[in-house]
Amino acid sequence: MLSKEREQQVIELCQKLIQQKSYSGEEQGVVQVLQQTMQQMGFDDVSVDKYGNIVGRIKGNRPGKKLLFDGHIDTVPVSDETEWIHPPFAAEIHDGKIYGRGTSDMKGAVAAMTCAAANFAADTGKDFAGELYVAGIVHEECFEGVAAREVSKAVQPDYVVIGEASQLNLKIGQRGRAEIVVETFGIPCHSANPEKGVNAVYKMAKVIEAIRTLQPPHHPVLGDGILELTDIKSAPYPGASVVPEYCRATYDRRLLVDETKESVLEPIQKLLDGLMAQDPELKVKVSYAVGHEKCHTGNDIEGERFFPGWLYDENASFVQDVYSQLKQKGYTPSITQYNFCTNGSHYAGEAKIQTFGLGPSKENLAHTVNEYIEIDQLTKVTDCYYGVMEALLK
């Protein structure tokens, strides 16, 4: 367990991070705090890439594996600060909890990773095998894994630890997600004479009903690859006295292991081709949504909204090495899966890097009013991250 001094260190760092408002694209305040903290703590080097991700490195005295701790430093916005019982950016402590936006999702984990790395380096005198990296990732709330690609390319890690909330349990997989766009194209005309045009919304209504007949694929561990309608828009809007010429529907598709961009769209495209063969007036297209965002560095970041699922065997050696070490330290983690999407979509799903999740706090506190992290969870996960380093950097 941590000394009182080290407990206070991680609490204070967590508070400093919370006090820096860091909506996606506005993470520069957190980056500055982490940069200063890592340098003071003796990290060998600290760098910020073109997207604004910050990466601190500690090099062991002996050759070995590269271990990367990943935590995103952006948060979802606070819609109404008056709804909070404690100010969302004050990081006040009440009844053993730190309150604020990003406490559980996931600045608490980032603070713990940073402190654990410094503690491990100090206690070992850097006499360990390999290299240790702590990354603060931007824009995760917009699209999981896109900014992480830049860190992955630079570090080329052998192992990745995702710090998303898990209540100190080990997470060895997740469903991924894709945003799928279906578009119908009609012919505009005056709504007093609708027979002279083609109403794109009527065509979309038929498409939506047909899509509902598709059976989702199933995975015995991760569940169904659901396809759920999330929004629909037409144009022109407002459509005063005009038959709409365009309609766009967005679907949330939960991705299973080894699904590809092509395999996911194939059954939808086949269905649409059949509908178009039956209806010469129907013009419909399916594709993936593309996200475009501005980074705090001024650079643009974009990517298709396709974030793969992933799953490791709980008996994989790296999982069992960490599990055994945590047990030795007095913890009793379960080995399960995340119910939501993480940066693991890139590391494990795309890059096939050995990845698992381990974080403090409860999953259901993310994005909520009155978000908090229990100090007990914060200090314990700092100790757990230390145990991960002991297990994987032998």
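Residues numbered from 1 in each chain as written. Predicted model: local features only at pLDDT ≥ 70, side-chain atom pairs only at ≥ 80, totals over all residues. Heavy atoms only, no water.

### Some details on the sheet that holds strand 5 (residues 97-99)
Sheet strands pair via backbone hydrogen bonds, and the direction of the pair is either parallel or antiparallel. If you trace the three strands from one edge of the open sheet to the other, you get 4-5-21, paired in antiparallel fashion. Across the chains shown, the open sheet's two edge strands, defined by having one partner strand only, are strand 4 (93-94) and strand 21 (372-374). Judged from the three bridges that link them, strand 5 and strand 21 form a sheet pairing that is antiparallel. Paired with Ile98 across the bridge in strand 21 is Ile373. (Pairing = 2+ DSSP bridges. Helix = DSSP H or I, 4+ residues; strand = E, 2+ residues; numbered from the N terminus.)

### Section: the layout of surface pockets
Approximately 330 Å³ is the volume found for the largest pocket. Surrounding the largest pocket, 17 residues form its lining, Ile211, Leu214, Ile226, Leu227 and Glu228 being those nearest its centre. Looking at the lining of the largest pocket, the elements that each hand over two or more residues are helix 5 (200-211), strand 12 (227-235), strand 13 (246-255) and helix 6 (261-278). Classifying every residue of the lining of the largest pocket gives twelve nonpolar, two polar and three charged. (1 Å grid on protein atoms, 1.4 Å probe; cavity = no way out; pocket = protein on both sides within 12 Å on 5 of 7 lines; lining within 4 Å. Points joined across faces, edges and corners; volume = space filled by probe spheres on them. Nonpolar A, V, L, I, M, F, W, Y, C, P; charged D, E, K, R; others polar.)

### Details of the side chain of Glu144
Mapping Glu144 onto the fold places it in the loop between strand 6 (129-137) and helix 4 (148-155). Judged by its relative accessible area of 10%, Glu144 falls in the buried class. (Buried < 20%, exposed > 50% of the residue type's maximum accessible area, 1.4 Å probe, protein only.)

### With respect to the nonpolar core
Formed by 84 residues in total, the largest nonpolar core has its most connected members in Leu67, Phe69, Leu132, Tyr385 and Met389. Contact partners of Leu132, with chain neighbours within four places excluded, come to Gly56, Arg57, Ile58, Leu67, Phe69, Ala117, Phe120, Met389 and Leu393. Ala178, Val207, Ala249 and Leu282 belong to the second largest nonpolar core, which has 23 residues in total. (Core = buried A, V, L, I, M, F, W, Y, C linked by side-chain atoms within 4.5 Å. Contact = heavy atoms within 4.5 Å.)

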